[in-house]
Amino acid sequence: QVQLVESGGGLVQAGGSLRLSCVVSGRTFSVYAMGWFRQAPGKEREFVAAISRSGGSTYYADSVKGRFTISRDNAKNTVYLQMNSLKPEDTAVYYCALGPAHDIPVVHGHEYRYWGQGTRVTVSS
């Protein structure tokens, strides 16, 4: 049984920082690419960031490039999303997802098979 459990969301003022974590169980974590997506109220889910299985390659949505950093610790079965300089438009539920067994970042949501339950991030102005 595959489980992805996110944590670290919350309420923060604009310009602040949060670090999201996602712990994966039920799969050999180091085999799979990982990604973060988000869904704002009334909007479709969108890609945020992705990381290859080794952690050597990353890819970001233009809207977060330079502010967010995705990383992983394969020894801890955990992927992280460090979010700095947060803006009100970053307000959303953030989801981590387990991707295919690729050593490249995977951008498209349909390639991800397993998803976490989400953690809410609210950025106040």
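Residues numbered from 1 in each chain as written. Predicted model: local features only at pLDDT ≥ 70, side-chain atom pairs only at ≥ 80, totals over all residues. Heavy atoms only, no water.

Draft legend 1. A look at the pattern of salt bridges. If you walk through the whole model with that rule in mind, you get four salt bridges. Residue aspartate 90 is joined to arginine 38 by a salt bridge in which the shortest nitrogen-to-oxygen separation is 2.9 Å. With aspartate 90 in the loop between strand E8 (78–83) and strand E9 (92–98) and arginine 38 in strand E4 (residues 34–39), this residue pair connects regions lying 52 residues apart in the sequence. Given the relative accessible area of 1%, aspartate 90 is considered buried. Note on arginine 38: relative accessible area 5%, which makes it buried. (Salt bridge = Lys/Arg side-chain N within 4 Å of Asp/Glu carboxyl O. Helix = DSSP H or I, 4+ residues; strand = E, 2+ residues; numbered from the N terminus. Buried < 20%, exposed > 50% of the residue type's maximum accessible area, 1.4 Å probe, protein only.)

Draft legend 2. Quick look at the packing of aromatic side chains. Enumeration according to the criterion identifies five aromatic pairs in this entry. Between phenylalanine 37 and phenylalanine 47, the aromatic rings sit 5.7 Å apart at their centres with planes inclined by 75°, giving edge-to-face as the arrangement. Pair noted here: phenylalanine 37 is in strand E4 and phenylalanine 47 is in strand E5 (residues 46–51), with a separation of ten residues, a long-range link. Phenylalanine 47 sits in the buried class, given a relative accessible area of 15%. Counting every residue linked through ring pairs, the aromatic cluster contains Phe37, Phe47, Tyr59, Tyr112 and Trp115. Taking the ring centre of phenylalanine 37 as reference, the NZ or CZ of arginine 45 above it sits at 5.6 Å. (Phe/Tyr/Trp six-rings, centres within 6.5 Å; stacked < 30°, edge-to-face > 60°. Lys NZ or Arg CZ within 6 Å of the ring centre and 35° of its normal.)

Draft legend 3. Molecular detail of the nonpolar core. Judged by nonpolar contacts, the single largest core of 37 residues is most densely connected at Trp36, Val79, Leu81, Met83 and Tyr94. Elements that contribute at least two residues to this core include exactly strand E3 (18–25), E4, E5, strand E7 (68–73), E8, E9 and strand E11 (119–124). Once residues within four sequence positions are removed from consideration, tyrosine 94 is found in contact with Glu6, Leu20, Trp36, Phe37, Arg38, Val48, Phe68, Leu81, Met83, Gly118, Thr119 and Val121. (Core = buried A, V, L, I, M, F, W, Y, C linked by side-chain atoms within 4.5 Å. Contact = heavy atoms within 4.5 Å.)

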